[in-house]
Amino acid sequence: MENPYWCITSMSTPMTQQPRSLPEAVAEALAAGPVDSVVEYARRVVAEKLVGEVSPGKVSRYIRKALRLGVWGRLRRVSRALLYAVTRLKAIRSPVLAGIVSEILVEIELASTRGLAVFYGVIVSLKRGFTCFLGDLRRLVTIGVAYISLPPAFRYYG
């Protein structure tokens, strides 16, 4: 039976490592680079894994989520107006508009516990070298929730 935690146990023996979901050179560059690049990468993972493709129906669901979480009032007025206008469209064809709306939806997602857990899960995984976890949403949430549950005195990534 294959060990489900092969990347933790194989850290001491690099010869037995299996292929990773993210190339090792990129992960090392992100971990060794400035903090902003790791944060941008973590935001991109949240956008890909949780937000996904942007559609007017999804935007209306995120508006309700923002109201429920209390984020709606903290968004800029222009962002709120844009989200409201996008819900009136039939489809979003412009990639620029989709990118802008996706960034706003990431802000809403980062206000939720799950979004914050994925965000911190990516950061902690990169800093500790567990690049094999970057493709698995469940493990990212688990790592992130474990990190968020730590007392603030023991958190060292932010």
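The coordinates are above.
Okay, so let's go over this structure.

Cut-offs and rules
- Residues numbered from 1 in each chain as written.
- Predicted model: local features only at pLDDT ≥ 70, side-chain atom pairs only at ≥ 80, totals over all residues.
- Heavy atoms only, no water.
- Salt bridge = Lys/Arg side-chain N within 4 Å of Asp/Glu carboxyl O.
- Buried < 20%, exposed > 50% of the residue type's maximum accessible area, 1.4 Å probe, protein only.
- Helix = DSSP H or I, 4+ residues; strand = E, 2+ residues; numbered from the N terminus.
- Polar contact = N/O pair within 3.5 Å; in protein donor to acceptor, adjacent residues only side chain to side chain.
- Contact = heavy atoms within 4.5 Å.
- Expected span 1.5 Å × (residues − 1).
- Phe/Tyr/Trp six-rings, centres within 6.5 Å; stacked < 30°, edge-to-face > 60°.

**Things to note about the pattern of salt bridges**
Now for step 1: Using the criterion set out here, one finds four salt bridges in the structure.
Now for step 2: Asp136 serves as the salt-bridge partner of Arg139, at 3.6 Å between the closest nitrogen and oxygen.
Now for step 3: Among the residues examined, Arg139 registers a relative accessible area of 24% and is labelled partly exposed.
Now for step 4: Classification of Asp136 by relative accessible area gives partly exposed; the value is 29%.

**Thoughts on the side chain of Lys65**
Now for step 1: Within the secondary structure layout, Lys65 lies in helix H4 (residues 56-69).
Now for step 2: A relative accessible area of 17% means that Lys65 is categorised as buried.
Now for step 3: Engagement of the side chain of Lys65 in a polar contact is seen with the side chain of Glu109, the distance being 3.1 Å.
Now for step 4: Excluding anything up to four places from it in sequence, Lys65 contacts Ile108, Glu109 and Ser112.

**As for helix H7 (residues 113-128)**
Now for step 1: Over its 16 residues, H7 extends 22 Å from the first C-alpha to the last, a length consistent with the 22 Å expected when each residue adds 1.5 Å.
Now for step 2: Taken residue by residue, H7 has Gly115, Ala117, Val118, Phe119, Tyr120, Gly121, Val122, Ile123, Val124, Ser125 and Leu126 as its buried positions.
Now for step 3: At the exit of H7 stands Gly129, carrying a positive phi of roughly 85°.

**Quick word on the packing of aromatic side chains**
Two descriptors summarise a pair of aromatic rings, namely the distance from one centre to the other and the angle between the planes of the rings.
Now for step 1: The tally for this structure, following the rule as stated, stands at two aromatic pairs.
Now for step 2: Between Tyr120 and Tyr147 the ring centres are 5.1 Å apart and the planes differ by 45°, which places this aromatic pair in the tilted class. Note that Tyr120 is positioned in helix H7 and Tyr147 in helix H8 (residues 137-148), a separation of 27 residues in sequence. The residues Tyr120 and Tyr147 share a single accessibility class, namely buried.
Now for step 3: Here a set of aromatic residues connected by ring pairs shows up, and it is made of Phe119, Tyr120 and Tyr147.

**Remarks on the environment of Leu105**
Now for step 1: As for its placement among the helices and strands, Leu105 is situated in helix H6 (residues 95-109).
Now for step 2: Measuring from C-alpha to C-alpha, the distance between Leu105 and Val59 comes to 7.7 Å, with 46 residues separating the pair along the chain.
Now for step 3: Residues within four places of Leu105 in sequence aside, it is in contact with Val51, Val54, Val59, Tyr62 and Leu83.

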